[in-house]
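# Architecture and fold: a report
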Amino acid sequence: MSVVERTAPIRYPAALNFIGGSFSDPAGEHLDVTNPADGSVISRVPLSTESEVDKAAAAAKKAFPAWAATPIKERVQVFFRYKTLLEKNIDELAALVTEENGKIDSEARAEVLKSAELTEFACSLPQLTAGEILEVSRGVECRVERFPVGVVASITPFNFPNMVPNWTLPNALALGNCMILKPSELVPLSAVRIAELLREAGLPDGVFNIVNGGQQTVEAICDHPDIEAITFVGSTRVAKIVYRRGTASLKRVLALGGAKNHLFVMPDAEPEMTSSNVVASMSGCAGQRCMAASVMMAVGKSDHIIERMVEVIRGMVPGTHIGPVISREAKQRIEKYIGEAERAGAKILVDGRNYVVPGRENGYYIGPTLIDHVTPDMRIAQEEVFGPVMVIIRAKNIDEALEVQSKSRYGNAASVFTESGGIARHVMETASAGMVGVNVGVPVPREPFGFGGWNESKFGAGDITGRSSIDFWTKPKKMTTKWNREAGTNWMS
Ligand code: NAD
């Protein structure tokens, strides 16, 4: 089902702050929330100031002692119920994602299902976080127990309004922390429903809070003395700002940034699967995924695959198979990149500029765009475009192709399409990226494997999901005890 075919009416919640278990609309500046499919205003969001961050931090701090003292096996009961609620409400949650972000229905549903999978992982944390214990000397025992960090914050981007908040909140909360979520001001509505569902699942007041806003709100979070840890997901430009400012005020920070993902297509790749997976990777979610492929390294004689990709793209209808990009500014920025590449001598094989969906003339649509004969020095080959645009760079052999990828400042994902195990292994070992794939267009690690890139795609140690997140959301305490009454039997006096 596409954006235009959905018939059920949708409830637009006001994008309210959620502090200490109550919703509120702070006085002050607000921003319109628009539906990118037709440009209509569907809600408005407060741009909260320091005082709202202060209130949320106080509510979280108040809730923390009781929540931290609740055994983890009890805490995860909330998330068993929350997972069921995500599944039960998937129609409405997916529709809300479609309305505020523009994704087509199947993509929005996949996002909510991924949230359920992330919550399922959080439900397994009691099994994964049992401590370590060892008798290190006669009668002397060392053990490690994990303690929650305290009040933490999660700052999220526009492209996954339901899933990215769920990258962090189930694990952080199940591990005993209290959280302040700062959703993207472009898509604040899904977070409101998340708060309602967490409350319905029985989460105590103050354990989860939302403060809406933009730059000023984020800066207040970075500076707040009672917030101990921050995760950020968004562009590299802002990831650097948040990482620097948060660590300067001595917080634990993990900041995920932008991407430029390369797909290596070998001449021996299975043509049908490769062409459809490559196109799906660049065009899914209108190319607005940090895992979207945006550069195809065409190695050797791969024209037959490119020709098939052109056919696949020509069969796609914007508004049905591909949603709009997030805003008018995003559409203009993406179309500018395409124009520049054309002027620099690249050949546009399929041009998605100026696409108009009948009946949705004010929507921010761009058709999937394929550009051949791009050279590595062009801006479009180096910068994150974040739209349904794929550039093709030709390479004589795999090492020449890998050399191009290694020069990218980013390092989120890379993948190779081939039938050769040797080439596949070589790419997996050599590509400078945190997530690599073989014959997979979007190599997202599923739970329990962690999500996180390399280079300027991530700042801070560890990954944001999976087992690695356990280290981020907890502090290990190392305990040594001696229950041996004999004196002088070992050096642990
Ligand atoms: P963005 O960086 O513009 O915004 C992200 C968050 O930062 C938002 O909550 C926003 O309010 C806040 N923000 C914006 N400007 C700020 C400033 N100057 N100071 C402090 N805070 C500020 O990102 P976006 O446009 O919402 O999302 C798209 C970007 O996110 C892309 O670059 C994409 O690659 C990236 N992304 C990365 C991952 C990943 O896992 N690496 C996942 C999803 C999205």
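Above this text is the structure in question.
Below, the structure is looked at part by part. (Residues numbered from 1 in each chain as written. Predicted model: local features only at pLDDT ≥ 70, side-chain atom pairs only at ≥ 80, totals over all residues. Heavy atoms only, no water.)

### Some details on the overall build of the chain
A tally of regular secondary structure across the chain gives 16 helices and 20 strands. A globule of 493 residues ought to have a C-alpha radius of gyration of about 23 Å, and the chain, at 24 Å, matches this closely. Each principal axis of the C-alpha atoms in the chain carries an extent, and together these give about 80 × 55 × 40 Å. Across the 493 residues that make up the chain, the buried fraction comes to 58%. The long-range fraction of contacts in the chain, counting pairs at least 24 apart against all pairs at least 6 apart in sequence, stands at 75%. Entry remark: accessible area of the chain is about 20200 Å², with carbon and sulfur atoms responsible for 53%. The average position of the 53 basic charges and that of the 57 acidic charges among the side chains of the chain differ by 4 Å. (Helix = DSSP H or I, 4+ residues; strand = E, 2+ residues; numbered from the N terminus. Rg over C-alpha atoms; globule rule 2.2 N^0.38 Å. Buried < 20%, exposed > 50% of the residue type's maximum accessible area, 1.4 Å probe, protein only. Contact = heavy atoms within 4.5 Å. Areas by Shrake-Rupley, 256 points an atom, 1.4 Å probe, with all protein chains shown as cover. Lys, Arg positive; Asp, Glu negative; His and termini not counted. Charge placed at Lys NZ, Arg CZ, Asp CG, Glu CD.)

### A look at the sheet that holds strand β6 (residues 140-148)
Ordered in space as β5-β6-β20, the 3 strands form an open sheet in which the pairing is antiparallel. Pairing within the sheet leaves two strands with one partner each, and these edge strands are β5 (132-137) and β20 (474-482). Within this sheet the neighbouring strands show an average axis-to-axis angle of 25°, counted without direction. The pairing of β5 with β6 spans 5 bridges and is antiparallel. In the sheet register, Leu134 faces β6, and the bridge partner there is Cys142. (Pairing = 2+ DSSP bridges. Axes fitted to C-alpha atoms, helices over the stretch in contact; angles between N-to-C directions.)

### Thoughts on the side chain of Ser432
Its place among the elements puts Ser432 in the loop between α15 (421-430) and β18 (435-438). Other than its neighbours up to four places away in sequence, Ser432 contacts Gln405, Ser406, Tyr410, Gly411, Trp454 and Asn455.

### Describing the environment of Ser276
With respect to the helices, strands and loops of the structure, Ser276 is situated in helix α10 (residues 271-283). Ser276 sits in the partly exposed class, given a relative accessible area of 32%. The sequence separation of Ser276 and Ala59 amounts to 217 residues, and the corresponding C-alpha distance is 49 Å.

### Looking at the side chain of Lys114
Inspection of the secondary structure puts Lys114 in helix α4 (residues 105-123). Lys114 gets classed as buried once you look at its relative accessible area, which sits at 12%. One polar contact links Lys114 to Glu447, side chain to side chain, over a distance of 3.0 Å. With near-sequence residues (within four places) excluded, Lys114 lies in contact with Met163, Pro445, Arg446 and Glu447. (Polar contact = N/O pair within 3.5 Å; in protein donor to acceptor, adjacent residues only side chain to side chain.)

### A word on the site of the ligand
As a structural note, the neighbourhood of the ligand is formed by 27 residues, with Lys182, Glu185, Ser235, Gly257 and Glu384 the closest of them. Within the backbone of Thr156, one N or O atom sits 2.8 Å away from an oxygen atom of the ligand. Within the backbone of Gly257, a nitrogen or oxygen atom sits 2.7 Å from a nitrogen atom of the ligand. At the level of elements, α8 (215-223) and β10 (229-233) are the ones that each hand at least two residues to the shell around the ligand. For the shell around the ligand, the per-class residue count stands at 14 nonpolar, 10 polar and 3 charged. (Near = heavy atom within 4 Å. Nonpolar A, V, L, I, M, F, W, Y, C, P; charged D, E, K, R; others polar.)

### Section: the packing of aromatic side chains
Following the criterion strictly, the structure yields 6 aromatic pairs and no others. Measuring from ring centre to ring centre gives 6.1 Å for Phe79 and Tyr82, while their planes differ by 85°; the resulting arrangement is edge-to-face. Within this pair, Phe79 and its partner Tyr82 are both found in helix α2 (residues 72-88), separated by 3 residues, close to a single helical turn. The two residues Phe79 and Tyr82 agree in class, both being buried. Plain terms: the ring middles of Trp167 and Phe451 are 4.5 Å apart, the flat faces sit at 35° to each other, and that makes the pair tilted. Highlighted residues: Trp167 in helix α6 (residues 163-174) and Phe451 in the loop between β18 and β19 (458-459), separated in sequence by 284 residues. Classification of Trp167 by relative accessible area gives buried; the value is 5%. Positioned above the aromatic ring of Phe147 is the side chain of Lys477, whose terminal nitrogen or guanidinium carbon lies 4.6 Å from the ring centre. (Phe/Tyr/Trp six-rings, centres within 6.5 Å; stacked < 30°, edge-to-face > 60°. Lys NZ or Arg CZ within 6 Å of the ring centre and 35° of its normal.)

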